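Below, each chain spelled out in residue letters.
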Amino acid sequence: MAEPELVDVVVVGLGVGGEEVAGRLAEAGLSVVGIERDLVGGECPYWGCIPSKMMIRAANALAEARRVDGLAGTAQVQPDWAPVAKRIREEATDSWDDRVAVERFTGKGGRFVRGSGRLDGPGRVRVGDQVFQARYGVVLGTGTRPSVPPIDGLADTPYWTNHQAIEVEQLPESMLVLGGGAIGLELAQVFARFGVRVTVVEALDRVLAVEEPEASEVAAAALRADGVDIHTGVRAERVEHDGSRFTLHGVGAAEFTADRLLVVTGRRAYLDELGLDTVGVNSTKRYLPVDDRLHVTDGIWAVGDLTGEGAFTHIAMYQAGIVVADVLAHARQANAGPDASGTASVVGGAMGASNSLAASGSSGSAGSVPRADYRALPRVTFTDPEVGAVGLTERQARERGINVQVGFTKLGSSTRGWIHQVGDEGFIKLIADADEGVLVGATSVGPAGGEVLSALVVAVHAAVPLSQLRHMIYAYPTFHRAIEDALRNLS
Ligand SMILES: Cc1cc2nc3c(=O)[nH]c(=O)nc-3n(C[C@H](O)[C@H](O)[C@H](O)COP(=O)(O)OP(=O)(O)OC[C@H]3O[C@@H](n4cnc5c(N)ncnc54)[C@H](O)[C@@H]3O)c2cc1C
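Residues numbered from 1 in each chain as written. Predicted model: local features only at pLDDT ≥ 70, side-chain atom pairs only at ≥ 80, totals over all residues. Heavy atoms only, no water.

K.L.:
Could you give me a rundown of the overall build of the protein, with the residues and numbers involved?
P.N.:
Along its length, the protein carries 16 helices and 22 strands. What you see for the protein is a C-alpha radius of gyration of 25 Å, in line with the 23 Å of a compact globule of 491 residues. With the C-alpha coordinates of the protein rotated into their principal frame, the extents come out at 75 × 65 × 45 Å. Counting every position in the protein, which comprises 491 residues, the buried fraction comes to 51%. Within the protein, contacts between residues at least 6 apart in sequence are counted, and of these 65% link residues at least 24 apart. Just so you have it, the protein exposes about 21,600 Å², and 50% of that area is on carbon and sulfur atoms. Averaging the positions of the 45 positive and the 62 negative side-chain charges in the protein gives two centres separated by 2 Å. (Helix = DSSP H or I, 4+ residues; strand = E, 2+ residues; numbered from the N terminus. Rg over C-alpha atoms; globule rule 2.2 N^0.38 Å. Buried < 20%, exposed > 50% of the residue type's maximum accessible area, 1.4 Å probe, protein only. Contact = heavy atoms within 4.5 Å. Areas by Shrake-Rupley, 256 points an atom, 1.4 Å probe, with all protein chains shown as cover. Lys, Arg positive; Asp, Glu negative; His and termini not counted. Charge placed at Lys NZ, Arg CZ, Asp CG, Glu CD.)

Right, dumping it as structure tokens:
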């Protein structure tokens, strides 16, 4: 067995969260080993947020051009996927090459190891033949992968996940999208706007089931207007592929066929691969439980999708900030402890970390490290119209026994919505705690629903009193001015 190599911190998985933690700790002067088995940067830049939003930007340009008729003359639109695929290949992903990202990390002083990392006892990580012993801790940022349901026949077919959908160069004529959540709807709308005949099949009784029912209705109507065939309440039972086409059989008589099948039925962390049993942590759960400073257990932190606190890049980045502060605080405490001279000499002798930590300006006190607070977690589904939401839905608030008031207004009845005319579908829905006089949740659907959301995020995060929200000035005629109408309708 290889002799363990002593380092300060080992980060397993350099996706959004892991790369941020590893890079910042390396910049702070710690000796950091970052392990990534696929591409540094993770899902978001290569198969997630960035390329999918490039696709959406292009699809929305087509949709806007199609709105010219009757508003500004006439326009003929000829969709072409080639520039979209080219932009994703060349600008977003460097043809799925992470050289720049690896150099970004090593440029900060980190040491990069390509491979699959696995815990091998407290503070120890094994990757291939190498073993690293972490002085201060191990950070797990291994993310999630698609959760593919155990549908009869599915595993034997060449179905797509988000990877193939993002990498596609030639669009198929038809596509089945299994799963009507945020990712499914975003991709379904994009492909439909580029001329693909898209069918969405969702087991629950509505699409975007985690959001307000009104949001599901608007999103479904918008996709149907783009030609997407949506079937809800259909549980897939069996999938066949005859060499060229897929057939999906639903429970009952439902049957759907298409050239491609995209499976977007959620994601899950694959905890059983991480060696968690070697540190006494249960690995049979869907996600890895953490406390509000992202501790898994002594000397182990987790960050990002893996924690199950929300599969968003902004959650991974937010958590990364807390982990960095906490690891630095632990490192400084270790160096300043009763046997500080001994520890410091190991650290200083090996890596010079104690000096650079002092220079890094970290607080050094675990007490001053912020605790994660997800009350005002924002989420945006980038369909057109966008569905932005923060905090609790009406149902969640009622289930918590909150004395709920709801304020609702349609965007089309605001001045800006009326001016906007075609494509102005949307609404503002506010969920207030009547006893506390604050908003606990809100949904903003519309052409700029995700942007309008920011004001509502501040309101929920800072618990701004309703009286203050009612007496602030909303610019005329903006979409966000509809918030004032929804406040007036709270009852
Ligand atoms: C199509 C799509 C669109 C999305 N759009 C948005 C969006 O608009 N906005 C948003 O906020 N979020 C979006 N997301 C979600 C976002 O991509 C994730 O929340 C984010 O990537 C999570 O970062 P992470 O660091 O937790 O994990 P990941 O980015 O998944 O990174 C984890 C990394 O760990 C590596 N790894 C796993 N196991 C090991 C191991 N044992 N050893 C070494 N390496 C390992 C993996 O290879 C991977 O690179 C989207 C996701 C998808 C799929």
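K.L.:
Could you give an account of the sheet that holds strand S21 (residues 427-433), naming the residues involved and the relevant values?
P.N.:
The five strands are arranged S18-S19-S22-S21-S20 in an open sheet whose pairing can be described as antiparallel. The open sheet is flanked by strand S18 (378-381) and strand S20 (404-410), the only strands paired with a single partner. Within the sheet, the average angular offset between the axes of one strand and its neighbour, ignoring direction, is 10 degrees. Relative to strand S19 (residues 386-391), S18 runs antiparallel, the two being bridged by four bridges. Its bridge partner being in S19, Thr381 is matched across the sheet by Val387. Strand contacts of helix H8 (residues 213-225): S19, S20, S21 and strand S22 (438-446), with the helix running at about 170 degrees to S21, the strand carrying the most contacts. (Pairing = 2+ DSSP bridges. Axes fitted to C-alpha atoms, helices over the stretch in contact; angles between N-to-C directions.)

K.L.:
Quick one: what's the story with the nonpolar core, residue by residue and with numbers?
P.N.:
As a rule of thumb, soluble globular proteins bury nonpolar side chains together. Ranked by size, the top nonpolar core spans 99 residues in total, and within it Leu140 and Phe191 carry the most contacts. The greatest single-element share of this core, amounting to eight residues, is contributed by helix H9 (residues 313-336). In contact with Leu140, not counting residues within four places along its chain, are Val12, Leu119, Leu274, Leu276, Leu288, Ile300, Trp301, Ala302, Val303 and Leu306. Ranked by size, the runner-up nonpolar core spans 25 residues in total, among them Ala376, Ala432, Ala442 and Val464. (Core = buried A, V, L, I, M, F, W, Y, C linked by side-chain atoms within 4.5 Å.)

K.L.:
For the pattern of salt bridges, give the residues involved together with the corresponding values.
P.N.:
Tallied over the full model, the rule gives 32 salt bridges. Residue Arg114 is joined to Asp98 by a salt bridge in which the shortest nitrogen-to-oxygen separation is 2.7 Å. Placement of Arg114 in strand S3 (residues 111-114) and of Asp98 in the loop between helix H4 (82-92) and helix H5 (99-107) is noted, with a sequence separation of 16 residues between them. According to the relative accessible area criterion, Arg114 is partly exposed, its value standing at 43%. (Salt bridge = Lys/Arg side-chain N within 4 Å of Asp/Glu carboxyl O.)

K.L.:
Which residues make up the packing of aromatic side chains, and what are the values?
P.N.:
The geometry of two aromatic rings is summed up by the distance between their centres and the angle between their planes. Applying the stated rule across the entire model yields five aromatic pairs. Measuring from ring centre to ring centre gives 5.7 Å for Trp81 and Phe191, while their planes differ by 45 degrees; the resulting arrangement is tilted. Of this pair, Trp81 sits in the loop between helix H3 (49-66) and H4 while Phe191 is found in helix H7 (residues 182-193), placing the two residues 110 residues apart along the sequence. Under the relative-accessibility criterion, Trp81 is labelled buried at 6%. Both rings, one in Phe408 and one in Phe427, keep their centres 5.0 Å apart while their planes meet at 25 degrees; by these two values the pair is stacked. Taken together, the residues Phe408 in strand S20 and Phe427 in strand S21 connect sequence positions 19 residues apart. (Phe/Tyr/Trp six-rings, centres within 6.5 Å; stacked < 30°, edge-to-face > 60°.)

K.L.:
Which residues make up the confidence of the model for the protein, and what values do they have?
P.N.:
Taken as a whole, the protein shows an average pLDDT of 94; of its residues, 94% reach a score of 70 or greater. Across residues 340-356 the pLDDT falls below 50, and counting only partners more than four positions away or on other chains, this stretch makes 30 contacts in the model. For the stretch residues 358-364, pLDDT sits under 50, and the model shows 10 contacts to residues farther than four places along the chain or on other chains. (pLDDT = per-residue confidence, 0-100.)

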